[in-house]
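# Working through the structure, step by step
Residue-level listing of the chains:
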Amino acid sequence: YSYNLAGLQVLGTAMTLGSTNVPAGSLLVFNGYANPDRVIAVNPSTGATIASLGLGANHDLTAGLYDPSSGHLFITSNAGSVLHEIDAATGAQIGANIALPINVQTWAGLAIDPVSGNLWLGSSSGGAGGGNFRDRDRRPDSKNAHLINRQIRASYVRVIGKDGEQLGILDT
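Residues numbered from 1 in each chain as written. Predicted model: local features only at pLDDT ≥ 70, side-chain atom pairs only at ≥ 80, totals over all residues. Heavy atoms only, no water.

### Brief notes about the nonpolar core
In this structure, Met-15, Leu-17, Leu-28 and Leu-73 are the most contacted members of the largest nonpolar core, which totals 17 residues. Secondary structure elements with two or more residues in this core: strand E2 (15-17), strand E4 (27-31), strand E5 (38-42), strand E6 (49-54), strand E7 (61-67) and strand E8 (72-77). In this structure Met-15 touches Thr-20, Asn-21, Val-22, Leu-28, Tyr-66, Leu-73 and Ala-88, once residues within four positions along its chain are discounted. Residues Phe-74, Leu-83, Ile-98 and Leu-110 belong to the second largest nonpolar core, which totals 12 residues. (Core = buried A, V, L, I, M, F, W, Y, C linked by side-chain atoms within 4.5 Å. Buried < 20%, exposed > 50% of the residue type's maximum accessible area, 1.4 Å probe, protein only. Helix = DSSP H or I, 4+ residues; strand = E, 2+ residues; numbered from the N terminus. Contact = heavy atoms within 4.5 Å.)

And the structure:
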């Protein structure tokens, strides 16, 4: 049981987790319930574990993803509304915590825009019946190759539907 301390991603490209090569199409399972947190690569056809990496701390992650452009993992934390950049080889945090303008302590999600490469984050904790999404500029900072944390756009969305059936989302 992982409460809401979990994340999933289907890899679009191959990666290395710890010292193990993980093929494209594998499932990354981010487990924030474990202490310390873990990222597990799973073969989606067989359910077999391909690789497992313990993170360097117990962040109680609420979402996670692998970024193929940097080769790093990104996780949101239940221990405050922060984003952590993680080394996919060692599990160690890279740089300082990135403060987030929304509450990501429960039911959060991360995605990368395939066109711009920007990081999107969302959370159901943004208000009644909706969530907040933020588009973050992820261009490397020329000084230290860590990411710039500049908000590009903010949206508040509401799920719209009838009789509990989701028909779409409304960006307000």
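### Some words on the sheet that holds strand E9 (residues 82-87)
Read across the open sheet, the four strands follow the order E7-E8-E9-E10; overall the sheet is antiparallel. In this open sheet, the two strands that pair with only one neighbour each are E7 and strand E10 (93-99). Neighbour-to-neighbour, the strand axes of this sheet turn through a mean angle of 20°, independent of strand direction. The pairing of E7 with E8 spans six bridges and is classified as antiparallel. The partner of Leu-65 across the bridge, within E8, is Phe-74. (Pairing = 2+ DSSP bridges. Axes fitted to C-alpha atoms, helices over the stretch in contact; angles between N-to-C directions.)

### Considering unusual backbone geometry
For the bond running from Asn-35 to Pro-36, omega is 0°, close enough to zero to count as cis. One non-glycine residue, Asp-60, lies in the positive phi region at around 55°. Within the fold, Asp-60 resides in the loop between E6 and E7. A relative accessible area of 23% means that Asp-60 is categorised as partly exposed.

### Some details on the pairing of E5
Of all five residues making up E5, four are buried, and the element is well covered by its neighbours. Pairing of E4 with E5 involves five bridges; the strand directions are antiparallel. Residue pairing in the sheet places Val-29 in a bridge with Ile-40 of E5. Hairpin remark: E4 followed by E5, antiparallel, with six residues in the connecting loop. Across five bridges, the pairing between E5 and E6 is antiparallel.

### Details of the pairing of E8
Buried residues dominate E8, accounting for six of its six residues. What you see with E8 is no split at all: His-72, Phe-74 and Thr-76 on one side and Leu-73, Ile-75 and Ser-77 on the other are buried throughout. Joining the antiparallel neighbours E7 and E8 is a turn of four residues, in which Gly-71 adopts a positive phi near 80°. Relative to E9, E8 runs antiparallel, the two being bridged by five bridges. The partner of His-72 across the bridge, within E9, is Asp-87.

### Considering the sheet that holds E6
Ordered by their spatial adjacency, four strands build an open sheet running E1-E4-E5-E6, and the pairing between neighbours is antiparallel. In this open sheet, the two strands that pair with only one neighbour each are strand E1 (6-10) and E6. Going from strand to strand, the sheet's axes swing by 15° on average, the running direction of each strand aside.

### Regarding the confidence of the model for the protein chain
When pLDDT is averaged across the protein chain, the result is 76; 70% of the residues are at 70 or more. The low-confidence segment residues 156-160, where pLDDT is below 50, has 31 contacts with residues more than four positions distant or belonging to other chains. Scored below 50 in pLDDT, residues 166-172 makes 21 contacts in the model with residues more than four places away or belonging to other chains. (pLDDT = per-residue confidence, 0-100.)

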